[in-house]
Amino acid sequence: MTDFDRPRMGRRAVLGGVASILASPAFSQATPGSTEFETRIEQGAQRNISSFRALDWRPYFADTKNGAILVDITSRVLHFWSADRSVYRLYPTSVPMSEDLTRRGRTEITRKVEGPSWSPTPAMRQRNPEWPDFVPPGPDNPLGTHALHLSWQYYRIHGTHDTRKIGRRSSNGCVGLYNHHIGELYTLTRIGTQVLLI
């Protein structure tokens, strides 16, 4: 049989195979020493592996003053444009687990923290009373290495030490990035950077 006679796998078959592997129990079960206090990633929380595409800022913002962040909940991706539009970044994200935890609309960065500490919100305490009251900065902190606080109480764009969460509906309301991505975004943004979640 020559190479021309062998059946070829299409893009959908390859992506479907990758999605099956990522959703398998080996990938979806919590591992000992996990740094996340959020609900475990179940088989139904699959990664988005095909919807990343560059966008233009103009349909979403009147200008890019102070920089602009667009978070697309459906595509599970964050877009960033610098104020002078010389820098554009596209980052995969984790997004809220359900619609009732999801907030959409316009906000802005009000505070930037390197090495954030974490405490569960009152709603998280009700859902998960076993969670700790406070987690200091470090490898056990679910906010990762950096956090960008938004004008909405309890909402942040932050890092995560649990890289399995990125690309999934896996958070309790915040938007999560890989630690190396949030570190870069932290340096690119400023207080007052506008944020739109759609």
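Refer to the preceding data block for the structure.
Before going into details, it helps to say that this report is about the structure given with it.

**Focus: the nonpolar core**
Ranked by size, the top nonpolar core spans 20 residues in total, and within it Ile-69, Leu-78, Ile-157, Leu-177 and Leu-185 carry the most contacts. Element by element, the count of residues in this core is highest for helix H4 (residues 179–188), at three residues. Those residues within four positions of Leu-177 in sequence are excluded, and the remaining contacts are Leu-78, Tyr-91, Pro-92, Thr-93, Ile-157, His-158, Gly-159, Thr-160, Ile-166, Ile-182 and Leu-185.

**Describing the sheet that holds strand S6 (residues 146–150)**
On the basis of which strands lie adjacent, the open sheet formed by eight strands has the order S3-S2-S1-S10-S5-S6-S7-S9 and mixed pairing. Each end of this open sheet is capped by a strand with a single partner; those strands are strand S3 (88–92) and strand S9 (175–178). Averaged over all neighbouring strand pairs, the angle between strand axes comes to 25°, with direction disregarded. Where strand S5 (residues 105–114) meets S6, five bridges bridge the pair, whose relative direction is antiparallel. Paired with Glu-114 across the two strands is His-146, which belongs to S6. Running at roughly 105° to S9, H4 makes contact with strand S1 (68–72), strand S2 (77–81), S3, S5, S6, strand S7 (156–160) and S9 of the sheet.

**Let's talk about the pairing of strand S10 (residues 194–197)**
Neither face of S10 is left uncovered, since the one carrying Gln-194 and Leu-196 and the one carrying Val-195 and Leu-197 both have all their residues buried. Alignment of S1 against S10, held across four bridges, turns out to be parallel. Considered in S10, the bridge of Ile-69 is made with Val-195. Bridge analysis of S5 against S10 gives four bridges, and the strand direction is antiparallel. Pairing of Thr-107 across the sheet is with Val-195, part of S10.

**Looking at empty space enclosed by the protein**
On inspection of all chains with the given rule, the structure shows three cavities of 30 Å³ or more. Taken as a whole, the largest cavity encloses approximately 70 Å³ of empty space. Classifying every residue of the lining of the largest cavity gives six nonpolar, three polar and two charged.

**Things to note about unusual backbone geometry**
Of note, Asn-66 is a non-glycine position whose phi angle comes to about 65°, a positive value. Here Asn-66 shows up in the loop between helix H2 (25–28) and S1. You will see that Arg-76, though not glycine, has its phi angle at about 60°, which is positive. Examined against the element boundaries, Arg-76 turns out to sit in the loop between S1 and S2.

**Concerning the layout of surface pockets**
Volume-wise, the largest pocket comes out at about 150 Å³. Taken together, Leu-101, Thr-121, Ala-123, Met-124, Arg-127, Gln-153, Tyr-154, Tyr-155, Asn-172, Gly-173 and Cys-174 form the lining of the largest pocket. Here the residues of the lining of the largest pocket sort into six nonpolar, four polar and one charged.

Each value, and the rule that gives it
Numbers given for residues are sequential positions, taken from 1 along each chain in its written order. Per-residue local features of the predicted model are confined to residues with pLDDT of at least 70, and side-chain atom pairs are confined, for both listing and counting, to 80 or more; whole-chain, interface and lining totals are unaffected and use all residues. For the side-chain quantities, the full set of heavy atoms in the structure was used; hydrogens and water were omitted. We call a set of buried residues a nonpolar core when its members are Ala, Val, Leu, Ile, Met, Phe, Trp, Tyr or Cys and they connect through side-chain atoms within 4.5 Å of each other. Any residue under 20% of the maximum accessible area for its type is buried, any over 50% is exposed, and the rest in between are partly exposed; the area is computed with a 1.4 Å probe on protein chains only. Strands here mean DSSP runs of E at least two residues long; helices mean DSSP runs of H or I at least four residues long; both are numbered from the N terminus. Every residue pair with non-hydrogen atoms within 4.5 Å of one another is taken to be in contact. A pair of strands is considered paired only if DSSP assigns at least 2 bridges between the two. Axis lines are fitted to C-alpha atoms, over the contacting stretch for helices. Their N-to-C directions set the angle, which ranges from 0 to 180 degrees. Buriedness for pockets is judged along seven lines, at least five of which must meet protein on both sides within 12 Å for an open set on the 1 Å grid over protein atoms alone, while cavities are sets there where a 1.4 Å probe fits but cannot get out, and lining residues have an atom within 4 Å of a point. Grid points are joined across faces, edges and corners, and a volume is the space filled by probe spheres set on the points. Nonpolar residues are Ala, Val, Leu, Ile, Met, Phe, Trp, Tyr, Cys and Pro. Charged residues are Asp, Glu, Lys and Arg, and all others, Gly as well, are polar.

This is a description of form; function is not addressed.
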